[in-house]
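An overview of the molecular structure
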Amino acid sequence: MRARRVGGGAAPARGPLAGPVAVAAVILDPRRPIEGLGDSKALSEARRDALAPLIRERALAWHLEFVDVAEIDKLNILHATMAGMARAVRALQPHPEHALVDGNRIPPGLPCPAEALVKGDAREPAIMAASILAKVGRDQLMVAMDALHPGYGFAVHKGYPTPMHLEALRRLGPCEQHRRSFAPVRACLES
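Residues numbered from 1 in each chain as written. Predicted model: local features only at pLDDT ≥ 70, side-chain atom pairs only at ≥ 80, totals over all residues. Heavy atoms only, no water.

1. Concerning helix H6 (residues 163-172)
In plain terms, the rule: Burial classes follow relative accessibility: with a 1.4 Å probe on protein chains only, a residue under 20% of its type's maximum area counts as buried, one over 50% as exposed, and anything between as partly exposed. Secondary structure follows DSSP: runs of H or I at least 4 residues long count as helices, runs of E at least 2 residues long count as strands, and numbering of each begins at the N terminus. Arc, as used here, means the arc of the directions from the helix axis to the C-beta atoms. A contact between two residues is defined here by any heavy atoms of the two lying within 4.5 Å.
Among the residues making up H6, those that are buried are His165, Ala168 and Leu169. Angular distribution of buried residues about the axis of H6 spans 100 degrees; they occupy a single face of the element. Within H6, the exposed residues directed more than 90 degrees away from the buried face are Pro163, Arg170 and Arg171. If you follow the buried residues of H6, they end up packed against helix H5 (154-157) and helix H7 (183-190). Positive backbone phi, at 80 degrees, marks Gly173, one or two positions downstream of H6.

2. Quick look at the side chain of Arg179
Threshold: This count recognises Lys and Arg as positive and Asp and Glu as negative, with His and chain-terminal groups excluded. Put simply, a salt bridge is a Lys or Arg side-chain nitrogen that is within 4 Å of an Asp or Glu carboxyl oxygen.
Relative to the helices and strands, Arg179 is located in the loop between H6 and H7. Although Arg179 lies buried, it forms no salt bridge, and the closest oppositely charged side chain, Asp73, sits 6.6 Å away as judged by the N-O distance.

3. Concerning unusual backbone geometry
Omega for the peptide link from Gln93 to Pro94 comes to 5 degrees, which places this bond in the cis form. Along the chain, Pro94 falls in the loop between helix H3 (77-90) and strand S4 (98-102). At Asn76, a residue that is not glycine, the phi angle is positive and equals roughly 100 degrees. Its place among the elements puts Asn76 in the loop between helix H2 (69-75) and H3. Residue class for Asn76 comes out partly exposed when judged on its relative accessible area of 34%. The phi dihedral of Lys158 falls on the positive side, at around 60 degrees, and the residue is not glycine.

4. Overview of the pairing of S4
Note the cut-off: Any two strands are treated as partners once DSSP identifies two or more bridges connecting them.
Extensive coverage of S4 is indicated by the burial of four of its five residues. Summarising the sheet, S4 and strand S5 (residues 114-117) pair through four bridges and their orientation is parallel. Among the inter-strand pairings, Ala99 is bridged to a residue of S5, identified as Ala114.

5. Points about the environment of Ile127
Looking at the secondary structure, you find Ile127 in helix H4 (residues 125-148). The exposure class of Ile127 is buried, given its relative accessible area of 0%. Residues Ile127 and Leu28, 99 residues apart in the sequence, show an inter-C-alpha distance of 9.6 Å.

6. Thoughts on the pattern of salt bridges
Inspection of the entire model under this criterion finds nine salt bridges. Residues Lys41 and Asp39 are paired through a salt bridge, measuring 3.2 Å at the closest nitrogen-oxygen approach. Here Asp121 and Lys41 are joined by a salt bridge, their closest N and O atoms 2.4 Å apart. Taken together, the residues Asp121 in the loop between S5 and H4 and Lys41 in the loop between strand S2 (21-27) and helix H1 (45-58) connect sequence positions 80 residues apart. Linked through salt bridges whose partners overlap, the residues forming this network are Asp39, Lys41 and Asp121.

7. Some remarks on the confidence of the model for the protein chain
Note: predicted coordinates in regions of low pLDDT should not be interpreted at a detailed level. What counts, and what does not: Confidence of the predictor in every single residue is expressed as pLDDT, which spans 0 to 100.
The predicted model of the protein chain averages 92 in pLDDT, with 93% of residues at 70 or higher. Per-residue pLDDT, averaged within each element of the protein chain, yields its smallest value for strand S1 (residues 5-10) (60) and its largest for H1 (98).

Below you can see the structure in the form of structure tokens.
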């Protein structure tokens, strides 16, 4: 089968103060369509949770990649996300022939020609699928992280800078999962 167009997407996790950034790549099977795909940010959590196993089951290939906090702090969030996208696409079996990447940049190191699609997570089903897998995977990881780092509320806010999280950060200080290069965490460390 020649349908080897891959969509790559990231969880909308560039803004959180804690946890990894999750990126995924998906090659959809045109013979096994998935109804209800959409922009992961516009879908309810319950809908994303229902779609994720269908995507994993019906896709020709998929890969979920987590870029850890140390790499985010070393490279910056944009470059860490790009590196994760390239790793996710390279990990696919079968190898893609063409990549569609959500956003306005193409990650260096992709193993195939690529095209950037602004708002691709609302336009391209393969990107929608990848973004859903990334968002669901990251949310699940943040819930698990909540048990390892009690008191921060990771299961509730998923690492975003909510008032609850900022108060916990001031009270407890940063844990190992906080992104030290992000201003609120850096300010907490400096005070």
